[in-house]
Amino acid sequence: MSSTTTRRFRVRTALGVTLAAGLAVATATAAMAGGSGKAGKAAGGAAGALAGAVSGGGAVAGAVGKAAAGVTVGTGQSRVLSPSYFGVAFDYGGGSIYPNPGTAGYPAAADSQLAALSPATVRWPAGTSANYWDWTKGQPVGDPYMTPNPTPDFHSYLSDLEKAYAQTHVPPVFVLNVMTSTLADQEAMLVQAKADGLPIDNVELGNELDLCFNSDYQKYFPNGTDYGSKVVGPWSYALHNLYPDLKIAAVAGFEDSTSKCVTDRTWNADVQTGIKTAIAAGDGREPDAYIMHVHPTYPNALTTDNVGDFLAGPDTWPGKVQAAATASKFGTTPVWLTEISFSLSDAFADPPQDTYGVALYNSSLLMQMAGSATATDMAEFWSSFGSENSYAYTASPTKNLPLALTPDGLAMQWLAQAGNKATSATPLTFNDEPTIGANAAPGLVGVKFTGAGGTHEVLVNLSGTSVTVPVGGAVPAGSYQQVSGDPTAAVRTASSLNPGTVSASGTLTLPAYSISKM
């Protein structure tokens, strides 16, 4: 994915947040309306319906299927979690939000901003540009989605990645250019990166090569067999010989038999066939992981009538990932979700991408993946910097809007902090919880993370009803960060939601449409 253009994608998704307990929507929308014309429209249309609900009063039309009464909390089945599960993309295209003509790379502030997100990995150079990347120039060459390059003076060199590493102290996930470059050239890049002090722990062999939105992909790799025999098998073999501890991931997909993209229908099986061919020839190796990208879509503008259906969307995705991994016979080979966020495609007015609701959506999505999608070993949020509200940081040089942490960014930050160094994730269970949407989906999502970083919990209330849960059992007593607001209102900055802190002893109140993190 490229952060500077809107394109067609099969699947896409993002993260979430919550506001201080008791904050009324009337207050929140007053702060929101100044940032966007869409904010004023959304706030004006929803203020009356939502003011009581977000302050703990009632339910939003269409949002709640059943009210909360005596909610109790338990724990589900724990799963082993990678201590580096939650990462973020450090995308070249995101540099367009820095309007500094002639700048050689990301400004110094970007490194500390990236570090503030608390990622466990940093994906570079990320997105479609990786398939055209010239590491010596710090730019993609020939990328049709970057022609003409909207930021010709902007570069992202290894030196920029080194500066980011000095602040984040977490390893990169290198997305290798397996399409327009060569194995020798990419090996030279890794050699230089290691000489410069960067850890060589994780690489991806290309980006989204199973999809058909870019005709170049089919030109270089007409099918998965071609990719498996020419890239995955031999590149894995050669790179593993250079770096025995290196984890190497191959592009996979969801193999939709009805897809108009013919290569995608049997991509995973074809890749495995190609790998076996390379192994039989004596210069092949199985990958250490398979890559999937999750970017769900929603076909409508977000309103008070459909917000429940929208927020119920993440519920099916862990099962889809698990089913794809099983059907593709990945076995014990894990899945890396190296892009996960709600789709950036917004071809109509007042799209969900502009709203606070997408932060709630993405929190739920990432939490449910961590809690129950046991095939997954990594989930990297798309993306750190960009011009849309659904990036972690956003800015618009053309509209003179300064850089700001978004609600999605705050949500990702909280989730990454909770999951930092965790080695297990335990979903929370709720009895008599509120439900949302036409299908009465669960209105509460919670996950407990345990590991060297301690025990932390994140709870999301997706309903329009304030919920009080008992403290002392599955929900520990202590201090919780919270944020909440009108899910249908356009929100550009996390600060406009006035996130706060509450102390819980005995009970904890989860405001309507909120995220709480211990």
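Note that this is a predicted model, so its numbers are computed, not measured.

Trainee: Got a sec to walk through the nonpolar core? Specific residues and values, please.
Mentor: In this structure, Phe 174, Leu 176, Leu 205, Tyr 227, Met 369 and Phe 449 are the most contacted members of the largest nonpolar core, which totals 119 residues. Here this core takes 9 residues from helix α12 (residues 357-372), the largest share from any one element. Residues in contact with Tyr 227, not counting those within four places in the same chain, are Val 178, Leu 205, Leu 209, Phe 221, Val 232, Ala 250, Val 251, Trp 267 and Val 271. Of all hydrophobic cores here, the second largest spans 16 residues; its members include Leu 444, Val 467, Val 471 and Tyr 480.

Trainee: How would you explain the sheet that holds strand β15 (residues 393-396) if you had to name every residue and give the values?
Mentor: Pairing within the open sheet is mixed, and its 3 strands lie in the order β14-β15-β16. In the strand order of this sheet, the two ends are held by β14 (385-386) and β16 (401-405), each with one partner. Sheet analysis places β15 next to β16, joined by 3 bridges and oriented antiparallel. Of the residues in β16, the one forming a bridge with Thr 394 is Ala 404.

Trainee: Account for the sheet that holds strand β5 (residues 122-124), with residues named and values stated.
Mentor: If you trace the 8 strands once around the closed barrel, you get β4-β5-β8-β9-β10-β11-β12-β13, paired in parallel fashion. Taking the axes of each pair of neighbouring strands and ignoring which way they run, one obtains an average angle of 30° across the sheet. For strand β4 (residues 86-89) and strand β13 (residues 376-381), the ladder comprises 3 bridges, and the chain directions are parallel. Within β13, the position partnered with Phe 86 by the bridge is Ala 379. Here helix α7 (residues 224-242) sits on the sheet in contact with β8 (172-176), β9 (202-205) and β10 (247-251), set at roughly 160° to β9. Seen against the sheet, α12 touches β4, β11 (289-294), β12 (335-340) and β13 and runs at an angle of roughly 175° to β12.

Trainee: Run through the packing of helix α5 (residues 183-195) against α7, naming residues and quoting values.
Mentor: Following both chains from N to C, one finds α5 and α7 inclined at 30°, their axes separated by 11 Å at the closest point. Taken together, the axes of α5 and α7 are roughly parallel relative to one another. Note on packing geometry: the crossing formed by α5 with α7 is right-handed. Counted together, Leu 183, Gln 186, Glu 187 and Leu 190 of α5 and Trp 235, Ala 238, Leu 239 and Leu 242 of α7 form the full contact between these two elements. For the contact of α5 with α7, the per-class residue count stands at 6 nonpolar, 1 polar and 1 charged.

Trainee: Quick one: what's the story with the pairing of strand β20 (residues 444-451), residue by residue and with numbers?
Mentor: Here 5 bridges tie strand β17 (residues 422-431) to β20, and the two strands are oriented antiparallel to one another. Bridge pairing links Ala 422 to Gly 451 in β20. Counting the residues between successive antiparallel strands, the hairpin from β20 to strand β21 (residues 454-461) contains 2 residues.

Calculation rules
- Residues numbered from 1 in each chain as written.
- Predicted model: local features only at pLDDT ≥ 70, side-chain atom pairs only at ≥ 80, totals over all residues.
- Heavy atoms only, no water.
- Core = buried A, V, L, I, M, F, W, Y, C linked by side-chain atoms within 4.5 Å.
- Buried < 20%, exposed > 50% of the residue type's maximum accessible area, 1.4 Å probe, protein only.
- Helix = DSSP H or I, 4+ residues; strand = E, 2+ residues; numbered from the N terminus.
- Contact = heavy atoms within 4.5 Å.
- Pairing = 2+ DSSP bridges.
- Axes fitted to C-alpha atoms, helices over the stretch in contact; angles between N-to-C directions.
- Parallel < 35°, antiparallel > 145°, perpendicular 65-115°, else oblique.
- Left-handed = near helix turned anticlockwise from the far one by under 90°.
- Nonpolar A, V, L, I, M, F, W, Y, C, P; charged D, E, K, R; others polar.

Just distances and angles here, no functional claims.
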